[in-house]
Every structure is written in C-alpha cells, then in structure tokens.
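# Structural characterization, general
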Amino acid sequence: MKPPPSGDAPPARARLEVPRLWASFGYAWAGLVRTWQSQPNFRIECTIGGLALALAWWLEAGLVPVLVMSALVLSLEVVNSAIEAVVDLACPEFHPLAKVAKDAAAGATLLAAVFSVLVGLVVLGVPLWGKVRAAWDFLTSI
Ligand SMILES: Nc1ncnc2c1ncn2[C@@H]1O[C@H](COP(=O)(O)OP(=O)(O)OP(=O)(O)O)[C@@H](O)[C@H]1O
C-alpha cells in the first residue's frame, strides 16, 4: 500500500521497477479471480463472450466488434463489483446515495450488455441467417 501524500509538494516521479510492475499484475489478476468467484454475472458474461467469439470465428464475421464489446461488458462488470465493494465498505447501512452509486454502476453494465447484443445481432445475425438458409436449402433439395 502506498503512503498517503504529504503536504502540497509534487509527488516524486516513481521509478519503473520490474518487481513492482509484476506485483501490480498479480494484484490485478487477483481482482479478476475474485470477480470470477464472487460474481455469477461475470461468469455468465465470460461464457457468452466466448461463445460469441467462437461464432464470429466460425462465421468468418467481424471478430473485432465482438472482441471490443466483450471487453467493454467484462471490464464494466469488474468496475461494478469494485464500486459495490467500496459502497459496502463506506456505507454498510441503507443510504439513498449508496443506492444511486450501486444502481448507476449496474446500469452502466446493463447498457453495455444491451449494446453488445445489438452489435452481435448486426455483425453475426446476417451471416448466421445465411448459414441457416444454406443448410435449409441443402436439406430441402435432397
Ligand atoms: N447500502 C445500500 N443502501 C441503499 N441501497 C442499497 C445498498 N446496498 C444495496 N442497495 C440496493 O440493492 C441493490 C442490490 O445491491 P447488491 O449489493 O446486492 O448488488 P447486486 O447488484 O445484487 O450485486 P451482486 O452482483 O453482488 O449480487 C443495489 O443496486 C441498490 O439498489
């Protein structure tokens, strides 16, 4: 943990140290593992993101939009769980502002999820429909 800033003096420029950088990755990874363990929504979103990526690869459709939207939803879910933890720490009792913070964080994730479904429909819907029609034409022609 960093010491609290003292006075008005500008902070000394921190040196780039490999062990510290490595430790930071470790803390970030621990945050992801904890989110995976404690947030069922995160596990569901990881699964849907993986399936959407596999579908995009199979359909040879836009991998990049699917990757970007998956990254957005998953990142926001991690931030949402961080906000929940901070709110619970700062305000374990019911408070209207705690509700505002938690609902807004959840709303951000929901917004990204809705838009990712729309992007998925636009990017994957047409080629998927093409495959379905081709399979249907093949089946009805034999
Ligand atoms: N301290 C609080 N004060 C006011 N309202 C709260 C408080 N804690 C939670 N709430 C309300 O309850 C809702 C659910 O809160 P909770 O912490 O259970 O989050 P959750 O969305 O269920 O998250 P999780 O993914 O952990 O299940 C919040 O969105 C908020 O409306």
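Every value quoted in this text rests on a predicted model; they were computed, and no experiment measured them.

Cut-off values and rules
Residues numbered from 1 in each chain as written. Predicted model: local features only at pLDDT ≥ 70, side-chain atom pairs only at ≥ 80, totals over all residues. Heavy atoms only, no water. 1 Å grid on protein atoms, 1.4 Å probe; cavity = no way out; pocket = protein on both sides within 12 Å on 5 of 7 lines; lining within 4 Å. Points joined across faces, edges and corners; volume = space filled by probe spheres on them. Helix = DSSP H or I, 4+ residues; strand = E, 2+ residues; numbered from the N terminus. Near = heavy atom within 4 Å. Polar contact = N/O pair within 3.5 Å; in protein donor to acceptor, adjacent residues only side chain to side chain. Nonpolar A, V, L, I, M, F, W, Y, C, P; charged D, E, K, R; others polar. Expected span 1.5 Å × (residues − 1). Buried < 20%, exposed > 50% of the residue type's maximum accessible area, 1.4 Å probe, protein only. Contact = heavy atoms within 4.5 Å. UniProt positions renumbered as here; feature names shortened; annotations may be inferred. Core = buried A, V, L, I, M, F, W, Y, C linked by side-chain atoms within 4.5 Å. Salt bridge = Lys/Arg side-chain N within 4 Å of Asp/Glu carboxyl O.

## Comments concerning the layout of surface pockets
Quantified by volume, the largest pocket comes out at close to 410 Å³. If you go around the largest pocket, you meet 19 residues; those closest to its centre are Ile48, Gly49, Ala52, Ser116 and Val117. Of all the secondary-structure elements, those providing two or more residues to the lining of the largest pocket are α2 (40-59), α3 (63-90) and α4 (96-141). A per-element tally of the lining of the largest pocket places α4 first, with nine residues. Each pocket or cavity is described by its volume, and for the second largest pocket that value is around 170 Å³. Together, Gly31, Arg34, Thr35, Ser38, Gln39, Ser81, Ala82, Glu84, Ala85 and Asp88 line the second largest pocket.

## Structural notes on the site of the ligand
In the vicinity of the ligand, the contacting residues are Gln39, Glu84, Cys91, Glu93, Phe94, His95, Ala98, Lys99, Lys102 and Asp103. Gln39 has a polar side-chain atom sitting 2.7 Å from an oxygen atom of the ligand. Contact distances for the ligand include 2.8 Å between an oxygen atom and a side-chain N or O atom of Glu84. The leading source of residues in the shell around the ligand is α4, at four residues. Residue composition of the shell around the ligand, by class: three nonpolar, two polar and five charged.

## Points about α3
Compared with the 40 Å implied by 1.5 Å per residue over 28 residues, the 40 Å span of α3 between its first and last C-alpha is a close match. Residues Val66, Met69, Ser70, Val73, Glu77, Asn80, Ser81 and Val87 constitute the buried set of α3. Of the surrounding elements, those touching the buried residues of α3 are α1 (18-38), α2 and α4.

## Some points on the UniProt feature "transmembrane region" (unreviewed entry) in the chain
With numbering aligned to this structure, UniProt lists the feature "transmembrane region" (unreviewed entry) at residues 48-74 and 104-129. When the span residues 48-74 is considered, its composition is 89% helix and 0% strand, and the gap between its end C-alpha atoms is 11 Å. Secondary structure within residues 104-129 divides into 100% helix and 0% strand; the distance between the first and last C-alpha atoms comes to 36 Å.

## Quick look at the nonpolar core
Core analysis: the biggest nonpolar cluster contains six residues, these being Ala56, Leu59, Ala61, Val66, Val123 and Leu124. Of all elements in the fold, only α2 and α4 reach the threshold of two or more residues within this core. In this structure, Val123 is in contact with Ala61, Gly62 and Pro65, ignoring residues within four places of it in sequence.

## Re unusual backbone geometry
Unusually for a residue other than glycine, Glu60 sits at a positive phi of about 55 degrees. Structurally, Glu60 can be placed in the loop between α2 and α3.

## Digging into the pattern of salt bridges
Tallying each qualifying case throughout the model produces two salt bridges. Here Lys102 ties to Asp88 by a salt bridge, and the two come within 2.7 Å at their closest N and O atoms. On the criterion of sequence distance, the pair formed by Lys102 in helix α4 and Asp88 in helix α3 is long-range, its members being 14 residues apart. For Lys102, a relative accessible area of 27% puts it in the partly exposed group. Since its relative accessible area comes to 42%, Asp88 is described here as partly exposed. Among the salt bridges present, the one from Lys99 reaches Asp103, with a minimum N-O distance of 2.9 Å.

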